[in-house]
Amino acid sequence: MRPALIVRLAVSLAALISFGAGVIAYTSGRVPAGGNLPLAGVLLVLIAAMTRRYGIALPGNGFSSYVIGVMLFAILNRGWVFAAIVAPFAMLVSDVILRRLPWRAALDNAAHLTTGSTLVGWMYARVGGAI
């Protein structure tokens, strides 16, 4: 098995676990949903999608956007659980609908954003970061 495939599978598995943990945390009541959670989620997905749409094309096949800033706001506003749920939707909406990337590339990008956002948010919570 190629090393790149192993990394892709590990990141995808971590993203699925992160998303599932976020959904379970909200549905079980372990993490309070707070006011206007659906509205905040939809708005962040739309804002993240716009940052991906109007990003910066890099030489070769690269692309840079400010979607990380949106995920940072999600972490600071409501914690890693919220970021773990918002990240995959934000990336899929932006990459499939707005940027017209193939599903495989969009899912790969969504897995990386979800895993990264969850890990950073979780570490921030572990060191006692304020939300």
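For the structure itself, look to the data block above.
Residues numbered from 1 in each chain as written. Predicted model: local features only at pLDDT ≥ 70, side-chain atom pairs only at ≥ 80, totals over all residues. Heavy atoms only, no water.

Q: Before we go on, may I ask you to explain the environment of Ile-75 in this structure?
A: As for its position among the elements, Ile-75 is in helix α3 (residues 67-78). Along the chain, Ile-75 and Ala-130 lie 55 residues apart, while their C-alpha atoms are 9.9 Å from each other. Leaving out residues up to four positions away in the same chain, Ile-75 has contacts with Ala-83, Ser-117, Val-120, Gly-121, Tyr-124 and Ile-131. (Helix = DSSP H or I, 4+ residues; strand = E, 2+ residues; numbered from the N terminus. Contact = heavy atoms within 4.5 Å.)

Q: Any chance you could explain helix α4 (residues 80-98) here in plain terms?
A: In an α-helix, one full turn covers 3.6 residues, which means residues spaced three or four apart are oriented alike. An ideal rise of 1.5 Å per residue puts 27 Å on 19 residues; α4 measures up with 26 Å between its terminal C-alpha atoms. Approximately 30 degrees is the largest bend angle found in α4, and it occurs at Val-86, with the proline Pro-88 only one to four residues beyond. Within α4, 14 of the 19 residues are buried, which leaves the element mostly enclosed by the surrounding structure. Where α4 terminates, the next one or two residues include Arg-100, which has phi positive at roughly 60 degrees. (Expected span 1.5 Å × (residues − 1). Bend = angle between axes of the 7 residues up to and from the residue. Buried < 20%, exposed > 50% of the residue type's maximum accessible area, 1.4 Å probe, protein only.)

Q: Explain the packing of aromatic side chains here, please?
A: Ring pairs (aromatic) are described by centroid distance and by the angle formed between their planes. According to the stated counting rule, one finds one aromatic pair in the structure shown. An angle of 70 degrees between the planes, with centres 5.8 Å apart, marks the rings of Phe-19 and Phe-89 as edge-to-face. Linking Phe-19 in helix α1 (residues 3-28) with Phe-89 in helix α4, this pair joins segments that are 70 residues apart in sequence. In this structure Phe-89 comes out as partly exposed when scored by relative accessible area, which is 45%. If you follow Arg-53 out to its NZ or CZ, it ends over the ring of Tyr-54, 5.3 Å from the centre. (Phe/Tyr/Trp six-rings, centres within 6.5 Å; stacked < 30°, edge-to-face > 60°. Lys NZ or Arg CZ within 6 Å of the ring centre and 35° of its normal.)

Q: Whenever I open this one, the side chain of Arg-78 confuses me. Can you help?
A: As for its placement among the helices and strands, Arg-78 is situated in helix α3. Buried and without a salt bridge, Arg-78 has Asp-95 as its closest oppositely charged side chain, separated by 23 Å. A polar contact of 2.8 Å, which involves the side chain of Arg-78, links it to the side chain of Asn-36. Discounting residues that sit within four places of it in the chain, Arg-78 has contacts with Tyr-26, Ala-33, Gly-34, Gly-35, Asn-36, Leu-37, Ala-40 and Ile-131. (Lys, Arg positive; Asp, Glu negative; His and termini not counted. Salt bridge = Lys/Arg side-chain N within 4 Å of Asp/Glu carboxyl O. Polar contact = N/O pair within 3.5 Å; in protein donor to acceptor, adjacent residues only side chain to side chain.)

Q: Would you take a moment to explain the pattern of salt bridges for this structure?
A: As a working rule, side chains carrying opposite charge can pair if their charged atoms are close by. According to the stated counting rule, one finds three salt bridges in the structure shown. For Arg-8, the salt bridge is made with Asp-108, and the minimal N-O distance between the two is 3.6 Å. Residue Arg-8 is located in helix α1, and its partner Asp-108 is located in helix α5 (residues 103-126); the two are separated by 100 residues in the primary sequence. Take Arg-8: its relative accessible area is 31%, and that puts it in the partly exposed class.

Q: I keep staring at α5 and nothing clicks. Help me out?
A: For α5, which comprises 24 residues, the first-to-last C-alpha distance of 34 Å matches the rise-based estimate of 34 Å (1.5 Å per residue) to within 8%. All of the buried residues along α5 are Ala-106, Asp-108, Ala-110, Ala-111, Leu-113, Thr-114, Thr-115, Ser-117, Thr-118 and Gly-121. Summarising the contacts, the buried residues of α5 are in contact with α1, α3 and α4. Following α5 by one or two positions, Gly-128 adopts a phi angle in the positive range, close to 90 degrees.

Q: Is there a simple way to explain the nonpolar core in this structure?
A: Generally speaking, a soluble globular protein has its nonpolar side chains buried in company with each other. Counting 24 residues, the largest nonpolar core has Tyr-26, Leu-44, Met-71, Val-81, Phe-82, Val-86 and Leu-113 as its most contacted members. Listing elements by their share of this core, those giving two or more residues are α1, α2 (37-53), α3, α4 and α5. By residue number, the principal contributor to this core is α4, which donates ten residues. (Core = buried A, V, L, I, M, F, W, Y, C linked by side-chain atoms within 4.5 Å.)

Structural measurements only, silent on function.
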